[in-house]
Structures are given as C-alpha cells and as structure tokens.
Amino acid sequence: MRVVKPETLLRVLYRKYYERFKPERIEGLKAREWAYIPFSESSETMVRHIGVRSYDELRRLLAERVPKSVYYSTAYYVNPSASKMEEKGWIGADLVFDIDADHIPWARNKRYDEMLEIAKKEMIHLIENFIMEDFGFSERSLKITFSGGRGYHLKITEYEIRRLSASARKEIADYLYGSDIDLDMLISHIESGVYTDFGWPKRIYSFLEEAYKKYPNTRDWISKRFKERGVEISEDEVKAIETYANYLGLKALSSVRGSIKSVPRGEKRKAVEALVRLFRVEIDKVVTGDSKRLIRYPSSLHGKTGLYVKSLRSLDDLHEFNPLEDAVVLPSTEVRVLIKSFDRSSPMVRAINGVRIGEYEIELSEGVMSMPLYAAVFIYGLTRLISSVMILS
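Quick caveat: nothing in here was measured; it's all calculated off a predicted structure. (Residues numbered from 1 in each chain as written. Predicted model: local features only at pLDDT ≥ 70, side-chain atom pairs only at ≥ 80, totals over all residues. Heavy atoms only, no water.)

K.L.:
Describe the packing of aromatic side chains, naming the residues involved and giving the relevant values.
P.N.:
Enumeration over the complete set of coordinates arrives at 20 aromatic pairs. A centroid spacing of 5.2 Å and a plane angle of 90° characterise the contact between Tyr14 and Phe39, whose relative ring orientation is edge-to-face. Taken together, the residues Tyr14 in helix α1 (residues 6–19) and Phe39 in the loop between β2 (34–38) and β3 (47–50) connect sequence positions 25 residues apart. For the pair shown, Tyr14 and Phe39 are each scored as buried. Between Phe135 and Tyr175, the aromatic rings sit 5.6 Å apart at their centres with planes inclined by 40°, giving tilted as the arrangement. Of the two residues, Phe135 sits in the loop between α4 (112–132) and β8 (142–146) while Tyr175 sits in helix α5 (residues 166–177), which places them 40 residues apart along the sequence. A residue is classified by how much of its surface remains accessible, and Tyr175, at 24% relative accessible area, is partly exposed. Taken together through their ring pairs, the aromatic side chains of Tyr17, Tyr18, Phe21, Trp34, Tyr72 and Tyr297 make up a single cluster. (Phe/Tyr/Trp six-rings, centres within 6.5 Å; stacked < 30°, edge-to-face > 60°. Helix = DSSP H or I, 4+ residues; strand = E, 2+ residues; numbered from the N terminus. Buried < 20%, exposed > 50% of the residue type's maximum accessible area, 1.4 Å probe, protein only.)

Written out as structure tokens, the structure reads:
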C-alpha cells in the first residue's frame, strides 16, 4: 500500500491521461491561441500565448506539460503565439454562450446534481427558444460542450458570424437576457398584434393568451409556470399578469369591447417585466460579448472535478446527457482516503453529499473512507477535504 498526497496523485492521473490523449478536432487549430493552468502548489497562473501547428504537436505539448486545465481562444489570429494582444492580428471569433449554474439564481444552494440539471435545462431553453427559433440557426450549426464543471458552452463557428464586433455580440447577449427592453414599445406590439409572431412580443403575448384561457384558474397556472422554471414572483406580479391577460382576452372579443375596464400602464409594465424575467436566458453576458475569450478545450479534463470536457453532437444527446455518469473517464480503482474534519453545513459539502457520481454515492465522514479513484478526485477538487490517498495495489 502506498500513501500519497492528493495533488501528487492528480498529476500522475492527468499525466497518464494526456500520454494517451486523442485531441478533439476543432475549426482553425493553427489560428487559435492555446493556454493551460499548470499543477502548482504556489500558483495557478495561466500559461498562455501558445500556438500549435498540428494535433500531434498539441498532444505532445499536453503530455509534456501535464496541465490541470486546457483552454483555447474563441478568436482566430494571424499570430496566435504573440505575447501582446495587439500583435496577434485578430481575424474573427466564434460566437459563444456560457451557461453556468453560478449565474442561475434558482440553482443556488442546490445539490451538485440538481445544479447540473438546471444548467442543462437552461442551455436547452437558450437553443430551442432563442438560437433556433429567434435567430434561425440550424441544429447542425451548433457546437454544444459540457464544461466539466457546472455548466455548458454553446459555440457557433459559421464563417458569416466570425466578424461580429464586440458591440454586436453584446447586443445579442442583451437580447437573450432581456436587458434594456423598451417595455412601452413591447406593450404596444402586444396590444396592436404587430410582430406578435416573432421574438419577445410572441413569447409574452402567447403566455398572456394562454393565461386567459386558464380562467378561472389563471393565477394558479401563472404561479405554477414561474415555479417550474424556478423564477420568483410576487403576488402583486401574479395579479398584474392575470389582469393584463384578462384585458387582452376580452379585448379580442368584439362583442364586449365597449365594456372592458382599462388596465393602468404601471400594471401592464409590471406584468411584462415579470414575464421578461421568466423567459430571459441566464447566460454569462461577459463571455458572449468577448471576441477574444479563452474557453475549455473539448476532450480535456476539468482541473477541479476530473470530469471530461465533452462535446455533445445533437440536442438529443444534450437531453439524454448525465454528466456525473457520461463524463466520468478517470479510473474506478478503489482507494482509501483520509478525510479531514469539516463543517457539514458548509455550502460545498451540502452540495455534494448524497450526490451519485459513477457508481458511487457521496456521503462524507471524517476519517478513512473507501471510494473509486474518480470520486476521490471529484471530492478533493471541490472541497480539499482529502489529506492523503492510500493506493491499495
């Protein structure tokens, strides 16, 4: 039996992984900047401004350096290895969207597996209701990746969008998040019926139309829809949505138009504002607006969880994907670990206790525990509670 420090074991595991590494092919390999975070007890400073000319060169680089995490640029450059950004020669960049549980309010204080499920649903919402329906991209244009941590990346690499400016990318992010929407103009579109077959007007008008049809259970239906998504709503907002839905529903009936009680502008704005909050996409706006971003490289290992940064080939793959099973690639060899004393009420302990990764269900206790190697890496990376690892053979 050998006893090793967790960080030492991680280096060995990652070295073995990258010695057998098969790099995933991406568009524009030679034009990308590459970067990595090394294993270091003193610093986790990213090493960047690296250029590679072939997949063999990339594989040799990673086998030699043994990185904790690997990144590549969303941008394409003339000189990707130049040390100064102004000398790289920006050619264009992929359009990238980042969904992370950290940015989703209703994912806070959830278990790790619940966070992952919420993030997946948010990515599906982004793709189906905005990227495909509003922007008109086909599914074959989309590159979906599990980040290895608590979220997903969506990348669009089509040549036509690579030259989008940073301000154009910010506008796209604002549209998805519902930032700076002109509520009065939106209300005007909804009430006039103009543009209600597209985008935000369609989304909100359709909800109000459906809410009206749920009478006399309109309020319960509204509350249920918000609860299903995880978005908080006040009683005043539920009432405002119900009132506005009834107003629009009755207005559509020509026989009662003259007797409809008007709805104050403030109530209409309150209703629409709440519905924007319901439908907006909880993306990291900074990532989408950045035309020189570094993101995790598919087929690499995540530096904290040890999970595989996995490309998903289709929406069906995304729907069926379970990261705590399908992204586990480290060995299942049984090891014993020494767990330090810890506070059971700490956020990360509460987040992972009871979670099943691979074939192992996490239930931390102080002292010596037996578990698969991949679970030990996962627990150590997220909590740092493992002080030593005993390898049985």
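K.L.:
Let's hear about helix α9 (residues 235–251): which residues, and what values?
P.N.:
Taking 1.5 Å per residue, 17 residues should reach 24 Å; α9 reaches 24 Å between its end C-alpha atoms and fits that length. Those residues of α9 lying buried are Glu237, Val238, Ala240, Ile241, Glu242, Tyr244, Ala245, Asn246, Tyr247, Leu248 and Gly249. Tucked into the core, α9 has its buried residues touching α6 (183–192), α7 (199–213), α8 (218–229) and α10 (265–279). (Expected span 1.5 Å × (residues − 1). Contact = heavy atoms within 4.5 Å.)

K.L.:
Please set out the pairing of β8 residue by residue, giving values where relevant.
P.N.:
Across the five residues that make up β8, a large majority, four, are buried. In terms of strand pairing, β8 meets strand β9 (residues 151–156) through five bridges, oriented antiparallel. Paired with Thr145 across the bridge in β9 is His153. Hairpin connection between β8 and β9: a loop of four residues separates the two successive antiparallel strands, and Gly148 in this loop has a positive phi of roughly 90°. Sheet topology places β8 next to strand β11 (residues 310–312); three bridges connect them, and they run antiparallel. Directly across from Thr145, in β11, lies its bridge partner Ser311. (Pairing = 2+ DSSP bridges.)

K.L.:
I'd love a proper account of a nonpolar patch on the surface, names of residues and values included.
P.N.:
Judged by side-chain polarity, Met1, Val3 and Leu392 come together as a nonpolar surface patch covering roughly 320 Å² of accessible area. Examined against the element boundaries, Met1 turns out to sit in the segment before β1 (2–4). (Patch = residues over 30% accessible without salt bridge, like charges linked within 9 Å, V, L, I, M, F, W, Y side chains within 5 Å. Areas by Shrake-Rupley, 256 points an atom, 1.4 Å probe, with all protein chains shown as cover. Salt bridge = Lys/Arg side-chain N within 4 Å of Asp/Glu carboxyl O.)

K.L.:
Lay out the sheet that holds β8 with the relevant residues and their values.
P.N.:
A sheet is described by the order of its strands in space; here four strands give the open sequence β7-β9-β8-β11, paired in antiparallel fashion. Here the strands that pair on one side only, and so sit at the sheet edges, are β7 (95–100) and β11. Here the average twist between neighbouring strands, direction ignored, is 25°. Running at roughly 25° to β9, α4 makes contact with β7, β8 and β9 of the sheet. (Axes fitted to C-alpha atoms, helices over the stretch in contact; angles between N-to-C directions.)

K.L.:
How would you explain the pairing of β7 if you had to name every residue and give the values?
P.N.:
Successive residues of a regular strand alternate their side chains across the two faces of the sheet. Buried residues dominate β7, accounting for six of its six residues. With burial as the criterion, each face of β7 is covered, one bearing Leu95, Phe97 and Ile99 and the other bearing Val96, Asp98 and Asp100. Pairing analysis gives six bridges linking β7 to β9, with the strands arranged antiparallel. Bridge assignment links Phe97 to a residue of β9, and that residue is Leu154.

K.L.:
Any details on unusual backbone geometry? Residues and values, ideally.
P.N.:
The omega angle of the peptide bond from Tyr215 to Pro216 is 10°, so this bond is cis rather than trans. The residue Pro216 is located in the loop between α7 and α8 in this model. A positive phi angle is found at Tyr195, which is not glycine, with a value near 65°.

K.L.:
Can you tell me about α4, naming the residues and giving the values?
P.N.:
The first and last C-alpha atoms of α4 sit 29 Å apart over 21 residues, in line with the 30 Å expected at 1.5 Å per residue. The sharpest bend along α4 measures roughly 25° and falls at Leu126. (Bend = angle between axes of the 7 residues up to and from the residue.)

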